[in-house]
Amino acid sequence: MSSLDELRALLGEPAHRQSTPDDWTEVERYVGFALPSDFKAFLNAYGTGVISGELVVFHPRGTSPLLERMRKTDEAFAQRRARALSSGDSEHVPYPFHPGSGGLISWGSDYSGDEHFFLPCDPDPNRWKIVTMAHEEGCRTFDGPFSSFALSFVRRLLDVDRYHGLEPEVLEFLEPEDLEKLATSGEIGPVQPSFEPA
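Read on for an overview of the structure. Everything numeric in this text was worked out from a predicted model, so none of it was measured. (Residues numbered from 1 in each chain as written. Predicted model: local features only at pLDDT ≥ 70, side-chain atom pairs only at ≥ 80, totals over all residues. Heavy atoms only, no water.)

**Quick look at the side chain of S52**
Part 1: As for its placement among the helices and strands, S52 is situated in the loop between β1 (49–51) and β2 (55–57).
Part 2: With residues up to four places along the chain from it excluded, the contact list for S52 reads L11, V154, L157, V191, Q192, P193 and S194. (Helix = DSSP H or I, 4+ residues; strand = E, 2+ residues; numbered from the N terminus. Contact = heavy atoms within 4.5 Å.)

Given below as structure tokens:
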């Protein structure tokens, strides 16, 4: 089973969507090449939305169109990198950003303040890696395609302890029944795999 199939199995079948290959024409013209096929297949099936209440993805025809977001994010990060280079602090921004040669290509974000990019490191877009610009921490590279990254993201949120999301000092002041209510309501603890259209 492919990582895209596993991801779909965890998230459940998407609502019926009308997608056409033309949806991607303008985006791919901006990028200069085709985007990874698993990324397009996922977005064509699910559309713009939030994976497991955390990872935000954007379809070209969504409520927040992908191309518009790409342009703004790529420009903002290119400016950030230029400032870092001029101050001699390029350690946290080691890659150029699109439209620079080999520049990172924005595709999504998460509610922790991280931005996610494709690293066009191969002529075949299906072999591109994922780079996360972690909020205030620099970047991390994931050696795999979009669907493997998203699957790993979903599994990581599912595999946290029951009281995840509470600060230790708060935990000691809550009664067991209050902790149970928070866990049962999904406010703390593991995050069940889901997709919420936006």
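**Considerations on helix α4 (residues 66–86)**
Part 1: End to end, α4 covers 30 Å across 21 residues, agreeing with the expected 30 Å (1.5 Å per residue, within 8%).
Part 2: Turning to α4, its buried residues number three or more, namely L66, L67, R69, M70, T73, D74, F77, R81 and A84. Buried residues of α4 fall within an arc of 145 degrees about the axis and therefore sit on the same side. The exposed set on the far side of α4, more than 90 degrees from its buried face, consists of K72, E75, R83 and S86.
Part 3: Turning to α4, the residues buried within the fold contact α2 (25–31), α3 (37–46), β3 (105–110), β4 (115–119) and β5 (129–134).
Part 4: Where α4 ends, the next residue or the one after it, G88, has phi of about 75 degrees, a positive value. (Expected span 1.5 Å × (residues − 1). Buried < 20%, exposed > 50% of the residue type's maximum accessible area, 1.4 Å probe, protein only. Arc of directions from axis to C-beta.)

**Considerations on the packing of helix α1 (residues 3–11) against helix α5 (residues 146–158)**
Part 1: Axis separation between α1 and α5 bottoms out at 8 Å; the angle between their running directions is 35 degrees. In the packing of α1 onto α5, the handedness of the crossing is left-handed. Of the residues in α5, those touching α1 at S3, L4, E6, L7, L10 and L11 are S147, S148, A150, L151, V154 and R155.
Part 2: In terms of residue class, the contact of α1 with α5 is made up of seven nonpolar, three polar and two charged. (Axes fitted to C-alpha atoms, helices over the stretch in contact; angles between N-to-C directions. Left-handed = near helix turned anticlockwise from the far one by under 90°. Nonpolar A, V, L, I, M, F, W, Y, C, P; charged D, E, K, R; others polar.)

**Here's the deal with the sheet that holds β4**
Part 1: Pairing is antiparallel in the open sheet, where seven strands are placed in the order β6-β5-β4-β3-β2-β1-β7. Among the strands making up the open sheet, the edge pair consists of β6 (138–142) and β7 (195–197). Direction aside, neighbouring strands of the sheet carry axes that sit 30 degrees apart on average.
Part 2: Inspection of the sheet shows β1 paired to β7 by three bridges, in the antiparallel sense. Directly across from I51, in β7, lies its bridge partner F195.
Part 3: On the sheet, α4 packs against β3, β4 and β5 and is oriented at approximately 95 degrees with respect to β3. (Pairing = 2+ DSSP bridges.)

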